[in-house]
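Chain by chain, the residues:
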Amino acid sequence: MILVTGAGGNVGSELTAILARGGHPVRALVRTPRPLPDGVEGVTGDLNEPASLKPALAGVRAVFLLGGYENMPGALAVMRDAGVEQVTLLSSRSVVGGHTDNAVAGMHMAAEAAVRASKLAWTFLRPSGFMSNSLQWVPQLRAGDVVREPFANVPVATIDPYDIAAVAAESLTTPGHEGLAYAITGPGSLRPADRLRVLSELLGRELRLEPLSDAEARVTMSAEMPEKYVDAFFRFFAEGEFDDSAVTNAVQDLTGREPRPFATWARTHLAAFR
């Protein structure tokens, strides 16, 4: 049995479907009941409350784990005591050369450290920025043809969450990934205007990107997330603390196929932008 935490999220939902299609016993950890693919067992639990995980862990061999929760050591101890042998952790490329006082990098660094200390077999997935972050544009595109975006000149090797899930499935179902960390990216490095251009063609609309100034970006982002995360992203992309533009071959090497381009992701999710 494989337990997928964050099963309602961008990566977790793809992973539960991939594992189910492959005939693997899979259990989805959710905070509240939700529709799941055929063959997937749903169990409620909260990673912030390690004791709540015990029912979900019965008979579980491996866990796909999200980081950033309040008591990662406690959750991992419950997993180990329940007989879990292996964890694949969703981390971030920002941990490489990252600073612990950066809220985003530090969060992922702490999660990796907790997994290492747990003595469970582990694999770390360190993806680039998600293509699904483009869904943040939906309210603007419903209101008009202009998208206003921070850090508009910053290229990112964005990855389809499906490809992260495919690598996760490989790490959870085949041997040889223990103790390894994979930096996984999409096939190319794109600026926001490049992604918007793809959406413009697919939607048949003349869309335009307007860069936000740093001052405007700080105001907009502060309305959406705690200040420590706003500061972290400014350190990444305004001050140059993190370069998320380099492309790797990890998806090809681990799955035997090229990672999906942004146009494929956009076609799959185009209804959300209409």
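Quantities reported herein were computed from a predicted structural model and do not represent experimental measurements.

**Student:** Before we go on, may I ask you to explain the layout of surface pockets in this structure?
**Tutor:** Over the atoms, a rolled probe matching the size of one water molecule traces out where space is still vacant. Counted as a void, the largest pocket has a volume near 1500 Å³. Looking at the largest pocket, it is lined by 43 residues, and the ones nearest its centre are Gly 129, Phe 130, Asn 133, Gln 136 and Phe 233. Broken down by element, the residue count for the lining of the largest pocket peaks at 4 residues, all from helix α8 (residues 227–237). Within the lining of the largest pocket, the residues separate by chemical class into 23 nonpolar, 15 polar and 5 charged. Considering only enclosed or pocket space, the second largest pocket measures out at about 170 Å³ in volume. In this structure, the second largest pocket is lined by 13 residues; those nearest its centre are Gly 6, Ala 7, Leu 29, Val 30 and Arg 31.

**Student:** Help me understand the UniProt feature "domain: NAD(P)-binding" (unreviewed entry) in the protein, please; the structure alone is not making it clear to me.
**Tutor:** Under the local residue numbering, the UniProt record ascribes the feature "domain: NAD(P)-binding" (unreviewed entry) to residues 6–175. The span residues 6–175 is 33% helical and 18% strand by assignment, and the distance between its end C-alpha atoms comes to 23 Å.

**Student:** Could you clarify how one ought to interpret the sheet that holds strand β2 (residues 26–30) in this entry?
**Tutor:** Adjacent strands of a sheet form backbone hydrogen bonds with each other and so pair up, either parallel or antiparallel. Ordered by their spatial adjacency, 7 strands build an open sheet running β3-β2-β1-β4-β5-β6-β8, and the pairing between neighbours is parallel. A single partner strand is all that each edge strand has here, and the edge strands are β3 (40–44) and β8 (180–184). Between one strand axis and the next, the sheet turns through 20° on average, direction left out of account. Strand contacts of helix α2 (residues 72–81): β4 (62–66) and β5 (86–90), with the helix running at about 170° to β4, the strand carrying the most contacts. Running at roughly 165° to strand β6 (residues 121–127), helix α3 (residues 103–117) makes contact with β4, β5 and β6 of the sheet.

**Student:** Got a minute to help me understand the nonpolar core in this structure?
**Tutor:** Across soluble globular proteins, nonpolar side chains show a tendency to be buried alongside one another. With 30 residues, the main nonpolar core has Leu 15, Phe 64, Leu 125, Ile 164 and Ile 184 as its most contacted residues. Mapped by element, the contributors of at least two residues to this core are β1 (2–4), α1 (10–21), β2, β4, α5 (161–173), β8 and α9 (250–255). Considering every element that reaches this core, the biggest residue donor is α5, with 8 residues. Counting residues in hydrophobic clusters, the runner-up holds 24 residues, among them Ala 56, Met 72, Val 78 and Leu 89.

**Student:** What am I meant to see in the pairing of β5 here?
**Tutor:** Two faces belong to every sheet, and in a regular strand the side chains alternate between them. Most of β5 sits out of view: 5 of its 5 residues are buried. Of the two faces of β5, the one lined by Gln 86, Thr 88 and Leu 90 and the one lined by Val 87 and Leu 89 are each fully buried. With 5 bridges connecting them, β4 and β5 associate as parallel partners. Bridge pairing links Phe 64 to Thr 88 in β5. Here β5 runs beside β6; their pairing, made up of 5 bridges, is parallel. Each residue of the ladder has a partner; that of Val 87, found in β6, is Trp 122. Of the crossover connections in this fold, the one passing from β5 over α3 to the parallel β6 is right-handed.

**Student:** What am I meant to see in the pattern of salt bridges here?
**Tutor:** Side chains that differ in charge, positive against negative, can pair when their charged atoms come close. Using the criterion set out here, one finds 16 salt bridges in the structure. Between Arg 93 and Asp 244 there is a salt bridge; the shortest N-O distance is 2.8 Å. One end of the pair, Arg 93, is in the loop between β5 and α3; the other, Asp 244, is in the loop between α8 and α9, and 151 residues separate them in sequence. For the pair Arg 93 and Asp 244, a shared accessibility class is recorded, and that class is buried.

The rules behind these values
Residues numbered from 1 in each chain as written. Predicted model: local features only at pLDDT ≥ 70, side-chain atom pairs only at ≥ 80, totals over all residues. Heavy atoms only, no water. 1 Å grid on protein atoms, 1.4 Å probe; cavity = no way out; pocket = protein on both sides within 12 Å on 5 of 7 lines; lining within 4 Å. Points joined across faces, edges and corners; volume = space filled by probe spheres on them. Helix = DSSP H or I, 4+ residues; strand = E, 2+ residues; numbered from the N terminus. Nonpolar A, V, L, I, M, F, W, Y, C, P; charged D, E, K, R; others polar. UniProt positions renumbered as here; feature names shortened; annotations may be inferred. Pairing = 2+ DSSP bridges. Axes fitted to C-alpha atoms, helices over the stretch in contact; angles between N-to-C directions. Contact = heavy atoms within 4.5 Å. Core = buried A, V, L, I, M, F, W, Y, C linked by side-chain atoms within 4.5 Å. Buried < 20%, exposed > 50% of the residue type's maximum accessible area, 1.4 Å probe, protein only. Right-handed = clockwise from strand over helix to strand, strands pointing away. Salt bridge = Lys/Arg side-chain N within 4 Å of Asp/Glu carboxyl O.

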